[in-house]
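One-letter residues, chain by chain:
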Amino acid sequence: MSYHEIKPGIYSVGAVDWDRRLFDSLIPLPDGTSYNSYLIKGSEKTALIDTVDPAMDYVLIDNLDRLNVEQIDYIVCNHAEQDHAGSITIMLDLYPEARVICTPKCKGMLMDLLHLDESVFQTVNDKDTLSLGDRTMEFIHAPWVHWPETMLTYLREDKVLFPCDFFGSHLAQSALYVQDEGLVYESAKRYFGEIMMPFRTNIQKNMDKLKDYKIDIIAPSHGPAYDKPEFILSAYRSWVYDEPLNIVLLPYVSMHGSTREMVEHLTQALTERNVNVKQFDLTVADPGKLAIALVDAATLVLGTCTVLGGAHPLAANVTFLANALRPNLKFASIIGSYGWGSRAIEQITGMLSNLKLEVLEPVYIKGSPGDDDFKALDKLAETIAQKHRERGYK
Ligand code: FEO
């Protein structure tokens, strides 16, 4: 692996992790990821923006070696999570004169996570600046993207924004900038759905803050950098500000086929009413694809059979995930069947407490579906279509 030059004196020196397939022991990474770190040489001082996951610290060290970096004055820590901050300790071993630049909250978190001594820190307030000689770093506090201590670093003269996780994507590639916009769009949307969506209100505030800045390049700490920043800025604007779309997300799990039959009927009934459906079989579904669908969907209809007297654990799992990700859902319902009794409806609706949505009449039946049950599903489809029309969802 090697480094990239962004501009004379500004380098991308992080690591591409082609093989990683799971993040936070939760999130599938079908396309790997990267831990981007950036070196900025000023006429007087040198700064490193974020480090890398400690599992790949040797790549960062090697890149700094190739660039003959003998001194680092500032290690800017935009975010304390270990995939960016975890190699600060070894950087301080190699460059003991460096100061760690971060928000006051980040300082406390780094002392807890890395056991760094208080003396290594220099904290910065919102809009504070630090001169590198002919270059100036400005620090923009941006809490809750996606931890409370986060900040962005803006290099004024070069108009480069280093936003760490913000605008990032889990995507391994050797090139510096976006090569395939379709692929990056999906990766960035997956990343937004899984990481940023629960903090949509804070993201809106931080997007508003950025309106004052002229930005030529966005260099996040995961995935490719953006030399056409409007690509990712407009995508984020649609994800954080727009109303949901005319989409029903329909994840389901079925043991003997009754719930699946109901899901197929509802899909057809919604399609006939011009409502788009995204159907997922939970025994094989990728949670990342579900997260992507949750970014836009107006309605969630969960299909679950009954097992052990309640909702199937896979259905409970996806409900827990949807509740935690706090999507912009407006309506929800439940369909499925049971053999002799079920507490699935109470269980599932009780798990949606974070979401301000209207629960539509469930269609939960005993045994396999018959004519009356299909009519009830038609009625649910009609209700959903009407609600989407009334709200103007496209
Ligand atoms: Fe990429 Fe929140 O760490």
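What counts and what doesn't
Residues numbered from 1 in each chain as written. Predicted model: local features only at pLDDT ≥ 70, side-chain atom pairs only at ≥ 80, totals over all residues. Heavy atoms only, no water. Helix = DSSP H or I, 4+ residues; strand = E, 2+ residues; numbered from the N terminus. Buried < 20%, exposed > 50% of the residue type's maximum accessible area, 1.4 Å probe, protein only. Contact = heavy atoms within 4.5 Å. Areas by Shrake-Rupley, 256 points an atom, 1.4 Å probe, with all protein chains shown as cover. Lys, Arg positive; Asp, Glu negative; His and termini not counted. Charge placed at Lys NZ, Arg CZ, Asp CG, Glu CD. Core = buried A, V, L, I, M, F, W, Y, C linked by side-chain atoms within 4.5 Å. Domains from an automatic or database assignment. Phe/Tyr/Trp six-rings, centres within 6.5 Å; stacked < 30°, edge-to-face > 60°. Pairing = 2+ DSSP bridges. Polar contact = N/O pair within 3.5 Å; in protein donor to acceptor, adjacent residues only side chain to side chain. Salt bridge = Lys/Arg side-chain N within 4 Å of Asp/Glu carboxyl O.

(A) Examining the overall build of the chain more closely. In terms of regular secondary structure, the chain is built from 12 helices and 24 strands. The proportion of buried residues among the 394 residues of the chain is 56%. Excluding contacts between residues fewer than 6 apart, the proportion of contacts in the chain whose partners are at least 24 apart in sequence is 72%. Surface accessibility of the chain: about 16,400 Å² in total, with carbon and sulfur atoms responsible for 49%. The averaged location of the 54 negative side-chain charges in the chain is 6 Å from the averaged location of its 37 positive side-chain charges.

(B) Structural context of the nonpolar core. Leu64, Ile88, Leu110, Phe167 and Tyr236 are the most contacted members of the largest nonpolar core, which has 92 residues in total. Among the elements that make up this core, the one with the highest residue count is helix H7 (residues 230–241) (7 residues). There are two domains that each give this core at least three residues, and those are domain 1 (4–241) and domain 2 (245–388). Apart from the residues lying within four places of it in its own chain, the contact partners of Phe167 are Leu161, Met207, Leu210, Ile218, Pro220, Tyr226, Ile232, Leu233 and Tyr236.

(C) Just the packing of aromatic side chains, in detail. The tally for this structure, following the rule as stated, stands at 13 aromatic pairs. Their ring planes at 90° and their centres at 5.7 Å tell us that Tyr3 and Tyr11 sit as a pair that is edge-to-face. What makes Tyr11 buried here is its relative accessible area of 12%. Note on Trp144 and Phe199: the rings are 5.4 Å apart at their centroids and 20° apart in plane angle, and the pair reads as stacked. Here Trp144, found in the loop between strand S13 (136–141) and strand S14 (151–155), pairs with Phe199, found in the loop between helix H5 (181–196) and helix H6 (200–210); they are 55 residues apart in sequence, far enough to count as distant. Judged by relative accessible area, which is 35%, Trp144 ranks as partly exposed. Through pairs of rings, three or more aromatic residues link up here, namely Phe166, Phe167, Tyr185, Phe192, Tyr236 and Trp239.

(D) Summary view of the pairing of strand S22 (residues 331–338). Among the 8 residues in S22, 7 count as buried, and that is most of the element. Relative to S22, strand S19 (residues 297–304) runs parallel, the two sharing 5 bridges. Bridge pairing links Leu302 to Ile334 in S22. Two strands pair when backbone bridges link them, and S22 and strand S23 (residues 358–359) are joined in this way by 2 bridges, in the parallel orientation. Bridging across to S23, Ala332 finds its partner in Val359. Bridge count for S22 against strand S24 (residues 363–366) is 4 bridges, and the pairing is parallel. Residue pairing for S24: Tyr338 is matched across the bridge by Lys366.

(E) Broad picture of the side chain of Ser169. Looking at where Ser169 falls in the secondary structure, it is placed in the loop between strand S15 (160–162) and H5. Residue classification places Ser169 among the buried positions, given a relative accessible area of 0%. Those residues in contact with Ser169 that lie beyond four places of it in its chain are Thr33, Ser187, Ala188, Tyr191, His222, Gly223, Pro224 and Tyr226.

(F) Focus on the pairing of strand S1 (residues 4–7). Two strands pair when backbone bridges link them, and S1 and strand S2 (residues 10–12) are joined in this way by 3 bridges, in the antiparallel orientation. Opposite His4, over in S2, you have Ser12 as the bridge partner. Hairpin remark: S1 followed by S2, antiparallel, with 2 residues in the connecting loop; positive phi at Gly9, about 90°.

(G) Region of interest: the environment of Glu186. By secondary structure assignment, the location of Glu186 is in helix H5. Along the sequence, Glu186 and Leu171 sit 15 residues apart, while their C-alpha atoms lie 9.9 Å from each other. Those residues in contact with Glu186 that sit more than four places away from it in its chain are Lys289 and Ile292. A polar atom in the side chain of Glu186 sits 2.8 Å from the side chain of Lys289.

(H) How the structure looks around the pattern of salt bridges. Going through the model one piece at a time under the given rule, you end up with 17 salt bridges. Residue Lys209 is joined to Asp126 by a salt bridge in which the shortest nitrogen-to-oxygen separation is 3.2 Å. One end of the pair, Lys209, is in helix H6; the other, Asp126, is in the loop between strand S11 (121–123) and strand S12 (129–131), and 83 residues separate them in sequence. Looking at Asp126, the relative accessible area reads 32%, which means it is partly exposed. As a salt-bridge pair, Arg190 and Asp286 come within 2.9 Å of each other at their nearest N and O atoms. Taken together, the positions of Arg190 in helix H5 and Asp286 in the loop between strand S18 (276–281) and helix H9 (287–296) put the pair 96 residues apart, joining distant regions of the chain. Each of Lys7, Arg135 and Asp158 takes part in salt bridges that share partners, so that together they form one network.

(I) Expanded view of the side chain of Thr267. Within the secondary structure, Thr267 sits in helix H8 (residues 258–272). Thr267 sits in the buried class, given a relative accessible area of 16%. Among residues more than four places away in sequence, those in contact with Thr267 are Leu250, Val277 and Gln279.

(J) Region of the structure containing the domain arrangement of the chain. Here the chain is partitioned into domain 1 (4–241) and domain 2 (245–388). Put simply, the middle of domain 1 and the middle of domain 2, counted by C-alpha atoms, are 38 Å apart. Taken together, the 11 residues of domain 1 in the interface contact 14 residues of domain 2. Summed over the shared surface of domain 1 and domain 2, the number is 3 salt bridges.

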